[in-house]
Amino acid sequence: MLTTLQTAYSDTRAADLAWALGREPLPALAVLDLDLRGARLQMRLLGASHQVLLEEDRGTCSETVACIPGSSTPLPLGVAKRLGEWEYEFAARVETLSAGSFAGRAQELLALVADHPQGLAGTFPGSPHAFTAMLAQRTEGQVRWRTWHAYPQEGQLVVTRTRVGVRMPVATP
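Keep in mind it's a predicted model, so treat the numbers as computed, not measured.

1. Observations concerning helix α1 (residues 99-114)
For the α-helix, the turn length of 3.6 residues means that residues three or four positions removed from each other point alike. Here α1 is 16 residues long and its end C-alpha atoms lie 22 Å apart, about the 22 Å a rise of 1.5 Å per residue gives. Looking at the buried positions of α1, the neighbouring elements they touch are β1 (2-4), β9 (119-123), β10 (131-139), β11 (142-151) and β12 (156-166).

So this is what it looks like as structure tokens:
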């Protein structure tokens, strides 16, 4: 699903993104609810990036990657945590591209997500390549999502990937 977000695009920087687990739902500009074989996933586009809410019989998970005023947790390169019965893994990277490469990559990603049944993308008015996009899937008992946050004024694309799955029991001798 592709939508135009009804908010002004601000000159937010990739370096201003913060990461948080466990936040309550924040006001969203666009939402996509998915049922991924027993896992309820809500992808939310915020004025300042994204939030994913996962609910399953085993528990819940809330991931927020956004420009949050007063947040003290910068965007990490990687996180691995135990959340109850789940293992949570998060990774992020920043790609810096030339203007021409950035425009091409933006079009490619928006095309990928726009018609995908488990994809959500929002473009910001004022810049054709300013967007946040998300894509989710469930495979082998794990829920995974990827996100892309575009900052055309900097030529930067922030790419994240997350995996949440059941912890495997450790065999005891």
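2. Comments concerning the pattern of salt bridges
As enumerated under the stated definition, the model contains seven salt bridges in all. With its nearest N and O atoms 2.8 Å apart, the salt bridge here joins E56 to R138. On the criterion of sequence distance, the pair formed by E56 in strand β5 (residues 49-56) and R138 in strand β10 is long-range, its members being 82 residues apart. Note on E56: relative accessible area 12%, which makes it buried. Residue R138 is classed as buried on the basis of its relative accessible area of 15%. With a closest N to O distance of 2.6 Å, R105 and E108 form a salt bridge. Of this pair, R105 and E108 both sit in helix α1, three residues apart, roughly one helical turn.

3. A closer look at the side chain of R44
Structurally, R44 is set in strand β4 (residues 39-46). The buried charged residue R44 lacks any salt bridge, with D33 as its nearest oppositely charged partner at 6.8 Å. At 2.2 Å, the side chain of R44 and the backbone oxygen of L26 are in polar contact. In terms of polar contacts, R44 uses its side chain to reach the side chain of Q42, at 2.9 Å. Those residues in contact with R44, other than ones at most four positions away along the chain, are P25, L26, P27, A28, A30, V31, S49, H50, Q51, L53 and M134.

4. Remarks on the packing of aromatic side chains
One pass over the structure, following the stated rule, counts two aromatic pairs. For the pair W19 and Y88, a centre-to-centre distance of 6.3 Å together with 35 degrees between the ring planes defines the contact as tilted. Residue W19 is found in strand β2 (residues 18-21), and its partner Y88 is found in strand β8 (residues 86-96); the two are separated by 69 residues along the sequence. When sorted by exposure, W19 lands in the same class as Y88, which is buried. With a centroid separation of 6.0 Å and an interplanar angle of 35 degrees, the aromatic rings of W19 and F90 are classed as tilted. Of this pair, W19 sits in strand β2 while F90 sits in strand β8, placing them 71 residues apart in sequence. Taken individually, W19 and F90 each receive the classification buried, so the pair is uniform in this respect.

5. Focus on the sheet that holds strand β7 (residues 78-83)
The sheet built from seven strands is open, its strands ordered β1-β9-β10-β11-β12-β8-β7 with mixed pairing. Edge positions in the sheet fall to β1 and β7, since each of these pairs with one other strand and no more. Strand-to-strand twist of the sheet, defined as the mean angle between neighbouring strand axes without regard to direction, takes the value 15 degrees. When β11 meets β12, the two strands line up antiparallel, connected through 10 bridges. Note on β12: the bridge partner recorded for W145 is T162.

The rules behind each value
- Residues numbered from 1 in each chain as written.
- Predicted model: local features only at pLDDT ≥ 70, side-chain atom pairs only at ≥ 80, totals over all residues.
- Heavy atoms only, no water.
- Helix = DSSP H or I, 4+ residues; strand = E, 2+ residues; numbered from the N terminus.
- Expected span 1.5 Å × (residues − 1).
- Contact = heavy atoms within 4.5 Å.
- Salt bridge = Lys/Arg side-chain N within 4 Å of Asp/Glu carboxyl O.
- Buried < 20%, exposed > 50% of the residue type's maximum accessible area, 1.4 Å probe, protein only.
- Lys, Arg positive; Asp, Glu negative; His and termini not counted.
- Polar contact = N/O pair within 3.5 Å; in protein donor to acceptor, adjacent residues only side chain to side chain.
- Phe/Tyr/Trp six-rings, centres within 6.5 Å; stacked < 30°, edge-to-face > 60°.
- Pairing = 2+ DSSP bridges.
- Axes fitted to C-alpha atoms, helices over the stretch in contact; angles between N-to-C directions.

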